[in-house]
Amino acid sequence: MLDSKYLLTDEQMLQFIAKGYLVLQNELPLQLHQGVMNEIYHVFHEEGNPGNNILPRVPDIQQFFDTPVVRGALTSVLGPDYYMHPHRHCHYNQPKNQQPGGGQWHKDGYWSSMRSHRPWWAMIFYYTHDITEELGPTAIMPGTQYYEKFIGDRGETLLPTGKAGTMVLVHFDLWHKATLNVTDLDRYMLKFQFVRLHEPEYPSWNHQSKEMIVPEGTPALHLNLWQDVWDWLRGERKARQEFKQPDATRLSHARRELAAEDAAARGRAADELGLLGEAASSCASELGLLLNDLTETTALNAAYALGRMGPAGVEELIGHIAGGTTLVAERAAYGLQGAGAGAVPALLQVLEHQGAKRRALAAFVLGMIGASAGEAVPSLIARLRDGSEWVRRNAIEALGMIGNASGHVVPALTKVLEDSLLSENDAANPDDKDISNQSYIMNKIGYTAALSLLRTGRDGDAGQVVRSLERALHSKDRYVRAYAAEALTYLRTDEAIDVLIRYYRTSRWCSNTSKASTF
């Protein structure tokens, strides 16, 4: 049982929401860190980088992530049943390497069909030794997790440092890069990824006040975006706001500023109108134009402002998701998730759009709305036969997020998982090549279906779920196999345990066996 004192505070959660990171400290024996360091050094220099197998190769690493500090932080951000993703990597920063890790600012390749502003995913950068700026820690750029474009000099470069056990918990999409190691020492960093399994029903941290107190030091203010994430994490599903007549001067000033030459002024004005909610709905069309703003921070504020404006805002966003450019449609999708259940009827219409990308975005938003979008389940199940793989993936993930309350989701997911296993040798659909560059996922449909069954399988027919997951243990895709094993562990029925025992007998990894010691 986790002691609540290890859960994050409101202030820490708001920093994570606005800035995308927290620096935490594990207080563990120096001998443990040093022992793991020695093992990692041996593995890298004698065997090479083990990739995803770093954990079974050096199993003491698990102790770093089982501490109350780590469990409390991940529980706060991802909920109490978060899952350690099967992809993990030990980053080796060699002394004097002029391009460590490629040397470029980047976001990690993502695992869902769309990046999510709401924290469904997180990462930890863990240092097993004292880390200084000279050793080349992974640099982060606070507040950039919501941006698709790199903001360059507009952002702050932060180099987290500290003693052994220092870790940086980051929003999955935070911009980061390796920095130059100017010492004569090796630098190692363990990157582990974690995924949320269910939408929040209540605050999973030490929550004291519903008021959102914004931290300073972000590249731009995104009050409505942050409020959306804050309310979602608190389990608050916004009901229709009562219409109140706004202050005419305040409304008029914000409306004028939407046309300002300064992008920051336009962004502040959009945020201000979003705070007014439906009372500013007369500005919806002008905000809609800003979805195409050249400055991404301004466009994001316009999208989330429209999401708070009731029917007028939904109508404007739906128009852009259905008829705007791809970029504008994606921005509209993020705004629509904040509109909640009120957007579902219109999204169901977009789900029938002739354009595959529009159908996929509608499915994505329905998943983000979650259980409140239950009426969309039949239409999403119908999309499992869509000609576009990207549409199917979005529909599969949405069903996993909405849940099996209808009783129809789990049977549909087991079927799509089994069908994907049968077609693993088929060539990819050429129409989907421009949509996803996730070459690290071989069976994208099966991968997504297995993840959705991890989220929903407990609520379905256990026998049916176990039979599908047992087949998935023999997938050619390493991540399908990993999700299937975790879903069976999560089910924990006698039949599931029996399947796992048979599977682990042949897949057991011995951390002592290597080319230097084969038996």
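Q: Can you break down helix α2 (residues 30-46) residue by residue, with the values?
A: Between its first and last C-alpha atoms α2 spans 24 Å; for 17 residues at 1.5 Å apiece the expected length is 24 Å, and the two agree. Within the span of α2, buried status applies to L32, H33, V36, M37, I40, V43 and F44. Looking down the long axis of α2, one finds its buried residues gathered within 130° of arc, a one-sided arrangement. Of the residues in α2, the exposed ones pointing more than 90 degrees away from the buried face are L30 and Q31. Of the surrounding secondary structure, the elements contacted by the buried residues of α2 are α3 (54-57), α4 (62-65), β2 (83-93), β3 (121-126) and β7 (187-195). Phi turns positive, to about 100°, at G48, one or two residues after α2.

Q: I'd like to hear about the nonpolar core, residue by residue, with values.
A: By size, the foremost hydrophobic cluster in this structure holds 165 residues, and its most contacted members are I40, I61, F65, L273, I321 and L380. With residues up to four places along the chain from it excluded, the contact list for I40 reads I54, V58, I61, C90, Y188 and L190.

Q: So, the pairing of β7: which residues are in play, and what are the values?
A: For β7, a buried count of nine out of nine residues is recorded, marking the element as mostly surrounded by other parts of the structure. Residues R187, M189, K191, Q193 and V195 point to one face of β7 and Y188, L190, F192 and F194 to the other, with burial holding for every one of them. As defined by bridge partners, β2 adjoins β7 across eight bridges and the pair is classed as antiparallel. Looking across to β7, one finds that H89 is bridged to K191. In this sheet, β7 lies alongside β3 in antiparallel orientation, the contact comprising six bridges. Opposite A122, over in β7, you have F194 as the bridge partner.

Q: Before we move on, can you summarise the pattern of salt bridges with the specific residues and values?
A: As enumerated under the stated definition, the model contains 20 salt bridges in all. As a salt-bridge pair, E352 and R383 come within 3.2 Å of each other at their nearest N and O atoms. Of this pair, E352 sits in the loop between α13 (344-350) and α14 (356-369) while R383 sits in the loop between α15 (377-382) and α16 (389-402); the two residues are 31 residues apart in sequence, bridging distant segments of the chain. Under the relative-accessibility criterion, E352 is labelled exposed at 51%. Since its relative accessible area comes to 16%, R383 is described here as buried. Between R502 and E470 there is a salt bridge, with its nearest N and O atoms 2.8 Å apart. You can see R502 sitting in helix α21 (residues 494-507) and its partner E470 sitting in helix α19 (residues 462-472), a full 32 residues away along the chain. The exposure class assigned to E470 is partly exposed, which follows from its relative accessible area of 28%.

Q: An account of the sheet that holds strand β1 (residues 21-25) is needed here, citing residue identities and associated values.
A: Here five strands make up an open sheet; going across it, the order is β1-β5-β3-β7-β2 and the pairing antiparallel. Here the strands that pair on one side only, and so sit at the sheet edges, are β1 and β2. The sheet shows a mean angle of 20° between the axes of neighbouring strands, direction not considered. Of the strands in this sheet, β2 and β3 touch helix α20 (residues 478-491), which is tilted by about 130° from β2.

Q: I'd like a description of the side chain of T75, backed by residues and values.
A: By the secondary structure assignment, T75 is in helix α5 (residues 68-78). Those residues in contact with T75 that lie beyond four places of it in its chain are L2, L7, P80, Y82 and S204.

Q: Tell me what's going on with helix α8 (residues 263-276), and back it up with residues and numbers.
A: The end-to-end C-alpha distance of α8, which contains 14 residues, comes to 20 Å, matching closely the 20 Å that a straight helix rising 1.5 Å per residue would cover. All of the buried residues in α8 are A263, A265, R266, G267, A269, A270, D271, L273, G274 and L276.

Rules of the game
- Residues numbered from 1 in each chain as written.
- Predicted model: local features only at pLDDT ≥ 70, side-chain atom pairs only at ≥ 80, totals over all residues.
- Heavy atoms only, no water.
- Helix = DSSP H or I, 4+ residues; strand = E, 2+ residues; numbered from the N terminus.
- Expected span 1.5 Å × (residues − 1).
- Buried < 20%, exposed > 50% of the residue type's maximum accessible area, 1.4 Å probe, protein only.
- Arc of directions from axis to C-beta.
- Contact = heavy atoms within 4.5 Å.
- Core = buried A, V, L, I, M, F, W, Y, C linked by side-chain atoms within 4.5 Å.
- Pairing = 2+ DSSP bridges.
- Salt bridge = Lys/Arg side-chain N within 4 Å of Asp/Glu carboxyl O.
- Axes fitted to C-alpha atoms, helices over the stretch in contact; angles between N-to-C directions.

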